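Observations on chain architecture
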Amino acid sequence: LHYQVEGTGHISAATLPCHPKWVMRENCEVCYCLVEPLSQELKRLVGYPIYYRSIPEEDILDQKALAEIEVLQPVVMLGYPLGIGTQPNGYPLVRGGWTANRPKENINAQGYLDIAAVGGSSGSPVLTSKGLKLLGVMNQTILEGLGTNTHLGVYIEAQEIRRLTEDLGKKK
């Protein structure tokens, strides 16, 4: 987990000796974990809450906007591939790529990207370069042979994330 050290602007990382409860969504490869219990544990351990930024609802692409995206649409992915962030402040790395198929042709809300995704990229937000709207969340990297990276990544559409938050709201 990453947290911001108050007054410095630096981001630090911590490994928590806890077991977060992951909840799987039926018929989908998306799961969630409630942040508040983890944030309380981190604050108890290091004195700081979890550092995160959320994406506003209006910045999540809807089905109509997804249907308008074509092949080779520029995208960016933010994350900590292989656990690496920027130095010295620890911000996530930004990687660029392109849509490798039309989202309207996605199967099971999964699409393809031509992007240099590696282990640790899963869960990274994938945003359109134009307007920085959430296209989806990185799910996996396709490897061939002995682990050779094909630069082909699979993302889960943003609408699945929206459904996940709706499901969570129903459980409250």
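Heads up: these notes are all about the structure in this document. (Residues numbered from 1 in each chain as written. Predicted model: local features only at pLDDT ≥ 70, side-chain atom pairs only at ≥ 80, totals over all residues. Heavy atoms only, no water.)

Glancing now at the sheet that holds strand E7 (residues 110-115). The six strands lie next to each other as E5-E6-E7-E10-E9-E8, forming a closed barrel whose pairing is antiparallel. In this sheet, adjacent strand axes meet at a mean angle of 45° when their direction is disregarded. (Pairing = 2+ DSSP bridges. Helix = DSSP H or I, 4+ residues; strand = E, 2+ residues; numbered from the N terminus. Axes fitted to C-alpha atoms, helices over the stretch in contact; angles between N-to-C directions.)

Turning our eyes to something else, we now look at a nonpolar patch on the surface. Together, Val 71, Leu 72 and Trp 98 line one region of the surface with nonpolar side chains, adding up to about 300 Å² of accessible area. Here Val 71 shows up in the loop between helix H2 (63-67) and strand E5 (74-79). (Patch = residues over 30% accessible without salt bridge, like charges linked within 9 Å, V, L, I, M, F, W, Y side chains within 5 Å. Areas by Shrake-Rupley, 256 points an atom, 1.4 Å probe, with all protein chains shown as cover. Salt bridge = Lys/Arg side-chain N within 4 Å of Asp/Glu carboxyl O.)

For Leu 72, which is not glycine, the phi dihedral falls at a positive 70°. Checked against the element boundaries, Leu 72 lands in the loop between H2 and E5. Overall, Leu 72 belongs to the exposed group, its relative accessible area being 59%. Although it is not a glycine, Leu 82 adopts a positive phi angle of roughly 55°. Residue placement: Leu 82 occurs in the loop between E5 and strand E6 (93-99). (Buried < 20%, exposed > 50% of the residue type's maximum accessible area, 1.4 Å probe, protein only.)

Moving on: the nonpolar core. With twelve residues, the main nonpolar core is built from Leu 61, Leu 66, Ile 69, Val 75, Met 77, Leu 113, Ile 115, Ala 117, Val 126, Leu 135, Met 138 and Tyr 155. Sorting the residues of this core by element identifies E5, E7 and strand E9 (134-144) as the ones contributing at least two each. In this structure Met 77 touches Leu 93, Val 94, Arg 95, Ile 115, Ala 116, Ala 117, Ser 121, Ser 124, Pro 125 and Met 138, once residues within four positions along its chain are discounted. Formed by five residues, the second largest nonpolar core is a distinct cluster that contains Ile 60, Val 76, Leu 134 and Ala 158. (Core = buried A, V, L, I, M, F, W, Y, C linked by side-chain atoms within 4.5 Å. Contact = heavy atoms within 4.5 Å.)

Both E6 and E7 contribute to a ladder of three bridges, which runs antiparallel. Its bridge partner lying in E7, Trp 98 is registered against Asp 114. Sheet topology note: the E7/strand E10 (residues 148-157) ladder contains five bridges and is antiparallel. If you follow Leu 113 over to E10, its bridge partner there is Gly 153.

Attention now goes to the pairing of E5. Here E5 runs beside E6; their pairing, made up of six bridges, is antiparallel. Its bridge partner lying in E6, Gly 79 is registered against Leu 93.

Along its twelve residues, helix H1 (residues 35-46) runs 16 Å from first to last C-alpha, staying within 8% of the 16 Å computed at 1.5 Å per residue. All of the buried residues in H1 are Leu 38, Ser 39, Glu 41 and Leu 42. With its buried residues spanning 165° around the axis, H1 presents them on a single face. (Expected span 1.5 Å × (residues − 1). Arc of directions from axis to C-beta.)

Coordinates in, geometry out; function isn't part of it.
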